[in-house]
Amino acid sequence: MWRRRPSGNGALARSPSSSSAASASGDSEEEDTGFLEVTVSDMKHPPPELSPMPEGLSPQQVVRRHILGSIVQSERSYVDSLKRILQDYRNPLLEMEPKVLSARKCQLVFFRLKEILQCHSMFQIALASRVAEWDATEKIGDLFVASFSKSMVLDVYSDYVNNFTTAMSLIKKACLTKPAFLEFLKKRQMASADRVTLYGLMVKPIQRFPQFILLLQDMLKNTPKGHADRLSLQLALTELETLAEKLNEQKRLADQVAEIQQLGKSISDRSGLNKLLSSGQRQLLLCETLTETVYGDRGQLIKSKERKVFLLNDMLVCANINFKPMNSRGQLEIGSLVPLGPKYVVKWSTSLPQVQVVEVGQESGAYDKDNAGGHNAGGHNAAAKKHAPAGQASHNKVYLGPPRLFQELQDLQKDLAVVEQITLLISTLHGTYQNLNMTVAQDWCLALQRMMRVKEEEIHSANKCRLRLLLPGKPDKSGRPISFMVVFITPNPLSKISWVNRLHLAKIGLREENQPGWLCPDEDKKSKAPFWCPILSCHVPAFSSKALDLQLGAAVHNPVQSSLLGFSAVSTSLPQGYLWVGGGQEGAGGQVEIFSLNRSAPRTVKFFPVASPVLCMEYVPEAGATEPPAPAICLGLRDGSIVAYGSVDAGTQCLLTRRSPRSQPVLCLKHSPDYLFAGLQDGTVAAYARHDGASCKVWGGPGRLAEQPACLAVGTGPVRALLALDETLWASCANQVTVLDAGSLQPQQTFEAHPDAEASVTHMIKAGSGVWMAFSSGSSIRLFHTETLEHLQEINIATRTTFVLPGQKHVRVTSLLICQGLLWVGTDQGIIVLLPVPRLEGIPKITGKGMVSLNGHGGPVAFLAVALSTLAPDVLKSGREEEEGGGEEEEEPAAPRPGELRKKGILLQYRLRSTSHLPGQLLSVREAPAGASPEHTEEDGSVYEMADDPDVWVRSRPCARDAPRKEISSVAIVSGGRGYRRFGTAGRAPAPGSETDSTLLIWQVPLML
């Protein structure tokens, strides 16, 4: 993705002949890869120094000056750390006699550090010059752009980051095998003022760009709009984020290769698994240390052991972790981190399609039958036979803890039914008895209901950190397939969700349409795409009616949290809520189809006709207006109607209908806190006030949408696109865009978005500080700055689509979408292109070729829509946190007397601690002692006691807390168009009718954790 450019005034330059650039300090030739060293003198170029603060500065200028001081101090500290590594560690090790580390290993450990120091020494010179003139210019963003946009910077940092794991491994091994080297490191650390270790110094280059990004973000926040440095700062953030993303991706790929190599070393060269791993076709999707647990017949934990579990793109591998213990003298505390022989020993492996995630309470009858011979189960490799799950009962039935909880819940349900029948019988008693009456019987029922709730919470908690996998074993003697269960405890609920989600998507990724799903044309063969490819989850008909030839118009997602979804279901389902799809027939009516997404594939839940074809849709949330909030879905129709509907959960009732002025077709809709804006066919923007002077902004009642809109003429052609930005509204008409004040509705300025007057702006989408636009003609998309309106970049989409449709030069962009650092571009050829863009506040410039989907439509991509929902943070609470949180609401029961601690059975009580205060005689074979008083008073709250052995009452292991706890974002991308088409598969005939039916394609990406 990156082409090498001349290094200019940078610290590094390529030598014409790398072999001639001999090192003057006796370095190994392996380090010389063609970089020329530039020496920077501290005497000639002193470090940057900020002058005393002048008087008369504004508060914002004072803050900017302090941030500049932080940048200067941070860079000085960083350069000093790089010099310490070279002067205090590298150079003495090279000069030491006898050598404790060979010259070759020295160069591997300190690879590229000299070049990084030279880069930043040159940057420090330029920074000193900029600091000296700060009070006159107040500009620094362009310096970061000039210094860190060079490909040489990416090269040296990439080499260092990719080599970091190897360097640390060499240091660890040297510490174990060479006491003199360990002693040298300890002495150097003790001699330093800050006592920072060598690792602490060497990790700083990896942390440098994230630190720069944070500092520049602070500077940008305190730089007002219109400032000369603002655009430069935004461009600098873009450069640094792009650089950091590339380094992260290359580090991820390097670590992936290293882990697969380590796994391969633990397997026999002749095994099939070794050949699969060494083929280079396996990708590591997830790798984590989990705790495998085995339970006995009473649900008690028998044993647990840490395993390394590898999720590859087509298989799951579990391995023992093989570490060398500390030596007998105990001097090398680092020894426990170094593997002895192979790092891993494979326990079992299996192909991904045969792995099933089984939640507590979801076991099938097949599982019970399969476990009848579970003790003979094994994995697909030879090692699995001796590693079969232990802890089977004598009757060959495996109880895995939480399944026992589910059985106990069913028993409680049955007991409650019996107690309810007993209650009916008690109501027929003729006598009055103190401890046998309706009050006592109702207390029994309440106690059982309370116990059922607790049991359900335990099952829910057990699911949160318990990953239960059903794996295929070896057939029994009769050839019948046998399955066995493996239970892992994950470090926290986030980890459990991640595993279930990645397993689900990896299975989908093995389908034919995802093999491959994307074409990624890289300029640089050594780097892959810097993002995880979205997976085509499914393609479904857009409309239930097959009789009408309905054309797609628009789609929108209505997020709705569903409390009915289980903890694991949210990991595999599409984003929660409903997808509204609208369209119609030319010259006839329209139709709306509503899909439920609370599952792994969409399902139609409702469809209804509308008076005219649907041209656009807008989801309008109502934050704080009502309890609960009442959102609305607004439809813009060809006949000039604007119709607002309530959500599906509210019955999708029609809330209101408005008519556009002169019944002009409504081409686009956008909302702001105060208005609903409609772009009309005749060049008018109609602004409907969302309140009539009242504070309430709901769709019904006194705060309903205004009957008559304010009309703003922006041109003579149709208003095809609207975009709400902060306090402004952008409206496109022909090749021009008018910026309106969203409050006063007054035009601020108009600018030309395309030199061709025939190229009308059809789409506008915002990301960071830029807006990408698509046009009615031509194959280009153009980027504009949100503040200066400056044209910053132009990308020709046709150069990407030619990879799947050679010779198709006339391509038109028909839809745009930006989501999670990806710009989705739909074309009139049915092809979808993905381009990476920065996610931060910088300029969303495109820096690579991106990817082209091999799945698309048979006709133009009518729309691209995003479905996004978040999982509430309370779902991530571990069992311990829930108990702590619940302690405030419910009063704890009084502690039982010591003699009662070992009573068998459960004391069934809810509110009643004693019955002595109730009327009637005590029904007992023993006589009640005279003057007996109640031992306990009646309590408010739920009280029950578990008097049985608590060891059999298995709970999930306490989970590590997430600090801070984050929301989980579930994302799906929906495209709509004519038919479904698979590109790059010559000779494959489409399904009957698939080329003409309106079709939805749905892509999923991994959960954002």
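Residues numbered from 1 in each chain as written. Predicted model: local features only at pLDDT ≥ 70, side-chain atom pairs only at ≥ 80, totals over all residues. Heavy atoms only, no water.

Quick look at the overall build of the protein chain now. Broken down by element type, the protein chain carries 18 helices and 40 strands. Sorting the 1009 residues of the protein chain into buried and exposed places 51% on the buried side. Sequence-distant contacts, at least 24 apart, represent 67% of the contacts inside the protein chain between residues at least 6 apart. Approximately 45900 Å² of the protein chain is accessible, and the part contributed by carbon and sulfur atoms is 52%. (Helix = DSSP H or I, 4+ residues; strand = E, 2+ residues; numbered from the N terminus. Buried < 20%, exposed > 50% of the residue type's maximum accessible area, 1.4 Å probe, protein only. Contact = heavy atoms within 4.5 Å. Areas by Shrake-Rupley, 256 points an atom, 1.4 Å probe, with all protein chains shown as cover.)

The next thing to look at is the pairing of strand β38 (residues 968-978). Taking burial as the measure, the 11 residues of β38 include 10 buried ones, the bulk of the element. Taken together, the 10 bridges between strand β35 (residues 861-871) and β38 define a ladder with antiparallel strand orientation. From the neighbouring strand, Leu864 faces β38, where its bridge partner is Ser975. (Pairing = 2+ DSSP bridges.)

What follows deals with the nonpolar core. Core analysis: the largest hydrophobic core is formed by 63 residues, its most contacted members being Phe110, Ile140, Phe144, Ile171, Phe181, Met202 and Phe209. Those residues in contact with Phe209 that sit more than four places away from it in its chain are Phe148, Val153, Tyr157, Leu240, Leu243, Ala244 and Leu247. Grouped together as the second largest cluster of nonpolar side chains are 25 residues, Trp772, Ile818, Val825 and Val833 included. (Core = buried A, V, L, I, M, F, W, Y, C linked by side-chain atoms within 4.5 Å.)

Further remarks concern the packing of aromatic side chains. Within the structure shown, the criterion is met by 21 aromatic pairs. Their ring planes at 90° and their centres at 6.1 Å tell us that Tyr89 and Phe184 sit as a pair that is edge-to-face. On the criterion of sequence distance, the pair formed by Tyr89 in helix α1 (residues 59-95) and Phe184 in helix α7 (residues 179-191) is long-range, its members being 95 residues apart. Overall, the relative accessible area of 2% leaves Tyr89 in the buried class. Ring geometry for Trp730 against Phe751: centres 5.5 Å apart, planes inclined by 75°, an arrangement best described as edge-to-face. With Trp730 in strand β23 (residues 728-733) and Phe751 in strand β25 (residues 747-752), this residue pair connects regions lying 21 residues apart in the sequence. A relative accessible area of 1% means that Trp730 is categorised as buried. (Phe/Tyr/Trp six-rings, centres within 6.5 Å; stacked < 30°, edge-to-face > 60°.)

With that settled, the discussion passes to the sheet that holds strand β18 (residues 666-671). Taken in spatial order, the 4 strands make up an open sheet running β18-β19-β20-β21, and their pairing is antiparallel. Taken across any chain shown, the strands that pair with only one partner, and hence form the sheet edges, are β18 and β21 (710-713). Strand-to-strand twist of the sheet, defined as the mean angle between neighbouring strand axes without regard to direction, takes the value 20°. (Axes fitted to C-alpha atoms, helices over the stretch in contact; angles between N-to-C directions.)

So, on to the packing of α1 against helix α9 (residues 204-221). Remark: α1 packs on α9, axes separated minimally by 9 Å, with the N-to-C direction vectors making an angle of 170°. It follows from the interaxial angle that α1 and α9 lie roughly antiparallel. In contact with Gln60, Arg64, Ile67, Leu68, Ser70, Ile71, Ser74, Glu75, Tyr78, Ser81 and Leu82 of α1, α9 contributes Lys204, Pro205, Arg208, Gln211, Phe212, Leu215, Leu216, Asp218, Met219 and Lys221. A per-class count over the contact of α1 with α9 returns 10 nonpolar, 5 polar and 6 charged. (Parallel < 35°, antiparallel > 145°, perpendicular 65-115°, else oblique. Nonpolar A, V, L, I, M, F, W, Y, C, P; charged D, E, K, R; others polar.)

With that settled, the discussion passes to the packing of helix α6 (residues 151-177) against helix α10 (residues 230-265). Running from N to C, α6 and α10 point in directions that differ by 35°, and their axes come no closer than 9 Å. Like other packed secondary-structure pairs, α6 and α10 cross with a definite hand, here right-handed. Across the interface between the two elements, Val153, Leu154, Tyr157, Ser158, Val161, Asn162 and Thr165 from α6 touch Leu243, Lys246, Leu247, Gln250, Lys251, Ala254 and Asp255 from α10. Among the residues forming the contact of α6 with α10, the class breakdown is 7 nonpolar, 4 polar and 3 charged. (Left-handed = near helix turned anticlockwise from the far one by under 90°.)

Let us look at the environment of Ile489. On the secondary structure map, Ile489 appears in strand β7 (residues 483-489). The spacing of Ile489 and Leu290 is 199 residues in sequence and 6.0 Å in space, taken between C-alpha atoms.

This part takes up unusual backbone geometry. The omega angle of the peptide bond from Glu97 to Pro98 is -10°, so this bond is cis rather than trans. Checked against the element boundaries, Pro98 lands in the loop between α1 and α2 (103-109). Its identity is not glycine, yet Ala734 carries a phi of approximately 60°, on the positive side. Relative to the helices and strands, Ala734 is located in the loop between β23 and β24 (736-741). The exposure class assigned to Ala734 is partly exposed, which follows from its relative accessible area of 27%. Even without being glycine, Leu745 reaches a positive phi, approximately 65°. Mapped onto the secondary structure, Leu745 falls in the loop between β24 and β25.

Before going further, it helps to spend a moment on the pattern of salt bridges. Applying the stated criterion across every chain, the model contains 21 salt bridges. With a closest N to O distance of 3.1 Å, Asp135 and Arg65 form a salt bridge. One end of the pair, Asp135, is in helix α4 (residues 134-137); the other, Arg65, is in helix α1, and 70 residues separate them in sequence. In this structure, Glu707 and Arg658 form a salt bridge, with 3.7 Å as the shortest nitrogen-oxygen distance. (Salt bridge = Lys/Arg side-chain N within 4 Å of Asp/Glu carboxyl O.)

It is worth spelling out helix α3 (residues 113-132) at this point. The first and last C-alpha atoms of α3 sit 28 Å apart over 20 residues, in line with the 28 Å expected at 1.5 Å per residue. Counting buried positions along α3 yields 15 of 20 residues, so the element is predominantly enclosed. (Expected span 1.5 Å × (residues − 1).)

The next point concerns the confidence of the model for the protein chain. Considering every residue of the protein chain, the mean pLDDT works out to 76; 72% of them sit at 70 or more. In the model of the protein chain, strand β37 (residues 945-946) stands out as the element of lowest mean pLDDT, 28, in contrast to strand β27 (residues 770-775), which has the highest, 94. This stretch, residues 624-629, has a pLDDT under 50; its non-local contacts, to residues over four places away or in other chains, come to 4 contacts. Across residues 928-965 the pLDDT falls below 50, and counting only partners more than four positions away or on other chains, this stretch makes 94 contacts in the model. (pLDDT = per-residue confidence, 0-100.)

On to α1, then. With 37 residues, α1 extends 53 Å between its outermost C-alpha atoms, agreeing within 8% with the 54 Å of an ideal straight helix rising 1.5 Å per residue. Remark: the principal bend of α1, roughly 25°, maps to Leu86. (Bend = angle between axes of the 7 residues up to and from the residue.)

In spatial order, the strands read β22-β23-β24-β25; together these 4 strands make up an open sheet with antiparallel pairing. Among the strands making up the open sheet, the edge pair consists of β22 (722-725) and β25. Averaged over all pairs of adjacent strands, the angle between strand axes in this sheet comes to 20°, irrespective of strand direction. Of the pairings in the sheet, the one linking β22 to β23 comprises 4 bridges and is antiparallel in character. Across the sheet, residue Ala724 finds its bridge partner in β23, namely Leu729.

For the rest of this paragraph, the subject is the environment of Gly768. Looking at the element boundaries, Gly768 is found in the loop between β26 (761-767) and β27. Separated by 76 residues in sequence, Gly768 and Pro844 place their C-alpha atoms 6.2 Å apart. For Gly768, the residues in contact, after removing those within four places along its chain, are Leu840, Glu841 and Gly842.

Moving on to the state of the cysteines. Summed over all chains, the structure comprises 0 disulfides. Cysteine Cys634 is unpaired, with the sulfur of Cys616 as its nearest cysteine sulfur at 9.5 Å. (Disulfide = S-S within 2.5 Å.)

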